[in-house]
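Observations on the three-dimensional arrangement
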Amino acid sequence: MAMREIRYREALREALREEMERDERVFLMGEEVGHYQGAYKVSEGLLEQFGERRVIDTPIAEAGFAGIGIGAAMTGLRPIIEFMTWNFSFVAFDQIINSAAKIYPMSAGMYRAPVVFRGPDGAAKQVGAQHSHEVSPFYASIPGLHVVIPSTPRDAKGLLKTAIRCENPVIFLEGETLYNTKGEVPEVDADETIPFGLARVAREGSDCTLVAWGRPYYTALEAADELAKKGISCEVIDPRTLRPFDHETVVKSVKKTNRCVIVHEHWPYGGPGAELVDRIQREAFDYLDAPILRVASLEVPMPYALNLEDYVLPSVARVVEAVERVSYAK
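Residues numbered from 1 in each chain as written. Predicted model: local features only at pLDDT ≥ 70, side-chain atom pairs only at ≥ 80, totals over all residues. Heavy atoms only, no water.

Attention shifts here to the layout of surface pockets. In this structure, the largest pocket occupies an estimated 220 Å³ of space. Pro137, Ala140, Ser141, Leu242, Arg243, Pro244, Phe245, His247, Gly271, Pro272 and Glu275 are the residues that line the largest pocket. For the lining of the largest pocket, the secondary structure elements donating two or more residues are helix H6 (136-140), strand S12 (241-243) and helix H10 (271-283). Among the elements that line the lining of the largest pocket, the one with the most residues is H10, at three residues. In terms of residue class, the lining of the largest pocket is built from six nonpolar, three polar and two charged. Within this model, the second largest pocket holds a volume of roughly 170 Å³. Examining the composition of the lining of the second largest pocket, we find that four residues originate from one element, helix H8 (residues 215-229), more than from any other. (1 Å grid on protein atoms, 1.4 Å probe; cavity = no way out; pocket = protein on both sides within 12 Å on 5 of 7 lines; lining within 4 Å. Points joined across faces, edges and corners; volume = space filled by probe spheres on them. Helix = DSSP H or I, 4+ residues; strand = E, 2+ residues; numbered from the N terminus. Nonpolar A, V, L, I, M, F, W, Y, C, P; charged D, E, K, R; others polar.)

Next up, the structure:
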């Protein structure tokens, strides 16, 4: 398959454009998605191509346009609802959790809500505590929702295409600092879709399994490079989707390496990281040579000061230290 290098935001834009061309039921709605070309320029050019009936600017009213999207999905359309930041989705909790996630079982299968909620997630650079939540723990705990968190441009495009075609509501979390990252993506119109629930082994290793998603995926890769210089070989796994979660790939890796460190941006209490620890200890307990450790954000609201923000977020040094601890190298 022919490949080329593009940015994360461009990969998302290609997925949006190709799916809107493929299916006239697909439309995009959110704050500044049209005339402003998107807060992060993901939707640049889509208004000119598809017009105001399919690229719809909204007021600052997340509960309102999230609800409109769910209703539209129930009537047969394929809405993509963009939150300018996932922190703003808290205003629409009731719509997402009590309506989108529950309408199919509560209607005895009469209605579905094939809606994609997407936008930037997690800390950026000095955007303050109210714009820096990594929200995956909230949504991954809700049955009825798929939760997707792509780390690379290729995954961003392939997973977004899968999300738009999905018959169920999808929470699509885009790392706010990843939009400018580059990576290889198949040629335009290759129509590569990536299935939910299939992790990617990004780097093979023998001494410790590192599991990371979103921006911390790159932290884990950098830590693996540093640890390799010290003679410790790390296998790096990116789950790509948190619900469904590909536990089988992770457990298989842990049975090989006998150690595991999980790296994620959200707080350590609860969430997908804690769920993964539980699953590993149940399915690979006899293979573990050390306790499973997690490297997460510190349990404080995100500071505004840049030096404090860097201190709170998972760092390469903290990952290296955790792997050395489970390897009894420190």
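Another point: the sheet that holds strand S7 (residues 170-175). Taken together, seven strands build an open sheet; the order of strands is S3-S2-S4-S5-S7-S6-S12 and the sheet is mixed. Where the open sheet ends on each side, the last strands, each with one partner, are strand S3 (55-57) and S12. Going across the sheet, the axis of each strand differs from the next one's by a mean of 20°, ignoring polarity. Where strand S5 (residues 116-121) lies against S7, six bridges are found, and the strand directions are parallel. Each bridged residue has a counterpart across the sheet, and for Gly119 the counterpart in S7 is Leu173. Docked against the sheet, helix H1 (residues 8-22) engages strand S2 (26-30), S3, strand S4 (78-82), S5 and S7, running at close to 150° with respect to S7. (Pairing = 2+ DSSP bridges. Axes fitted to C-alpha atoms, helices over the stretch in contact; angles between N-to-C directions. Contact = heavy atoms within 4.5 Å.)

Turning to the pattern of salt bridges, a few remarks are in order. Enumeration according to the criterion identifies 27 salt bridges in this entry. Across the pair Arg165 and Asp191 runs a salt bridge whose closest N-O atoms are separated by 2.5 Å. Within this pair, whereas Arg165 is found in helix H7 (residues 153-165), its partner Asp191 is found in the loop between strand S8 (182-186) and strand S9 (200-203), the two being separated by 26 residues in sequence. The exposure class assigned to Arg165 is partly exposed, which follows from its relative accessible area of 28%. Look at the salt bridges and you will find they share partners, linking Arg4, Glu14, Glu18, Glu19, Arg22, Lys157, Lys161, Arg165 and Asp191 into a network. (Salt bridge = Lys/Arg side-chain N within 4 Å of Asp/Glu carboxyl O. Buried < 20%, exposed > 50% of the residue type's maximum accessible area, 1.4 Å probe, protein only.)

Tracing the chain through its elements places Ser136 in helix H6. For Ser136, a relative accessible area of 0% corresponds to the buried category. A distance of 2.7 Å separates the side chain of Ser136 from the side chain of Glu134, its partner in a polar contact. Apart from residues lying up to four places away in sequence, Ser136 is in contact with Leu173, Trp213, Leu242, His266 and Pro272. (Polar contact = N/O pair within 3.5 Å; in protein donor to acceptor, adjacent residues only side chain to side chain.)

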